[in-house]
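Chain by chain, the residues run as shown.
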Amino acid sequence: QVHVVESGGDLVQAGGSLRLSCAASGSIFSINVMGWYRQAPGKQRELVASITSGGSTHYADSAKGRFTISTISVDNAKNTVYLQMNSLKPEDTAVYYCAAKRITRPVYDYWGQGTQVTVSS
């Protein structure tokens, strides 16, 4: 079992920056992809960025050039993933979720509880 916990959400002004953190613990030896999703009110959950254990990254068009995903493997029992968000816009306002899976899986198996990001204009 993998436990995922996000933190770092906050209220920030447009143009500002925020860094979200995600800690995955437990049976992380089975995990080799971690991603950040977000869901705004009335909208579907969307993938913002993902990273593999090999360091390959993927970004949504809305995140390219502004967001950076990175990861640190502390030990075999914990992995931390960051989402550095710069030049934030009001449309970035959403609940941000961290998720984890094996690269062979079509969907993310493990999810955090979410952290609120609010960008004021």
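This is a predicted model, so every value here is computed, not measured.

Peer 1: Hey, could you run me through the pairing of strand β9 (residues 94–101) in this one?
Peer 2: Regular strands place side chains that alternate from one sheet face to the opposite one. With 7 of 8 residues buried, β9 lies mostly within the body of the structure. Relative to strand β11 (residues 115–120), β9 runs antiparallel, the two being bridged by 3 bridges. The partner of Val95 across the bridge, within β11, is Gln116. For β9 and strand β10 (residues 110–111), the ladder comprises 2 bridges, and the chain directions are antiparallel. Its bridge partner being in β10, Ala100 is matched across the sheet by Tyr110.

Peer 1: Can you help me understand the environment of Ile31 in this one?
Peer 2: Checked against the element boundaries, Ile31 lands in the loop between β3 (18–26) and β4 (33–39). Distance in space between the C-alpha atoms of Ile31 and Leu47 is 18 Å, their sequence separation being 16 residues. Non-local contacts of Ile31, meaning those with residues more than four positions away in its chain, are made with Val2, Ala100, Lys101, Arg102 and Tyr110.

Peer 1: I tried to follow the packing of aromatic side chains on my own but got confused; where do I start?
Peer 2: The description of an aromatic ring pair uses the distance of the two centres, along with the angle that the planes make with each other. By the definition in use, this model includes 3 aromatic pairs. Ring centres of Tyr37 and Trp111 lie 4.9 Å apart, and the angle between their planes is 55°; on these two criteria the pair is classed as tilted. In this pair, Tyr37 sits in strand β4 while Trp111 sits in strand β10, placing the two residues 74 residues apart along the sequence. When its relative accessible area of 15% is taken as the criterion, Tyr37 is described as buried. With relative accessibility at 33%, the residue Trp111 sits in the partly exposed group. Ring geometry for Tyr108 versus Trp111: centroids 6.2 Å apart, planes at 65°, classification edge-to-face. One aromatic cluster is present, formed by Tyr37, Tyr108 and Trp111 through successive ring pairs. A cation over an aromatic ring shows up here: Arg45 above the ring of Tyr97, its NZ or CZ 3.9 Å from the ring centre. Looking at Arg45, its charged tip hangs above the ring of Trp111, at a distance of 4.7 Å from the centre.

Peer 1: I would appreciate a short explanation of the nonpolar core in the present structure.
Peer 2: Considering soluble globular proteins, one finds that nonpolar side chains tend to be buried as a cluster. Core analysis: the largest hydrophobic core is formed by 29 residues, its most contacted members being Trp36, Leu83, Met85 and Tyr96. Mapped by element, the contributors of at least two residues to this core are β1 (2–7), β3, β4, β5 (46–52), β7 (67–75), β8 (78–85), β9 and β11. Core analysis: the next-biggest nonpolar cluster, separate from the first, contains 5 residues, Val33, Tyr37, Tyr97 and Ala99 among them.

Calculation criteria
- Residues numbered from 1 in each chain as written.
- Predicted model: local features only at pLDDT ≥ 70, side-chain atom pairs only at ≥ 80, totals over all residues.
- Heavy atoms only, no water.
- Buried < 20%, exposed > 50% of the residue type's maximum accessible area, 1.4 Å probe, protein only.
- Helix = DSSP H or I, 4+ residues; strand = E, 2+ residues; numbered from the N terminus.
- Pairing = 2+ DSSP bridges.
- Contact = heavy atoms within 4.5 Å.
- Phe/Tyr/Trp six-rings, centres within 6.5 Å; stacked < 30°, edge-to-face > 60°.
- Lys NZ or Arg CZ within 6 Å of the ring centre and 35° of its normal.
- Core = buried A, V, L, I, M, F, W, Y, C linked by side-chain atoms within 4.5 Å.

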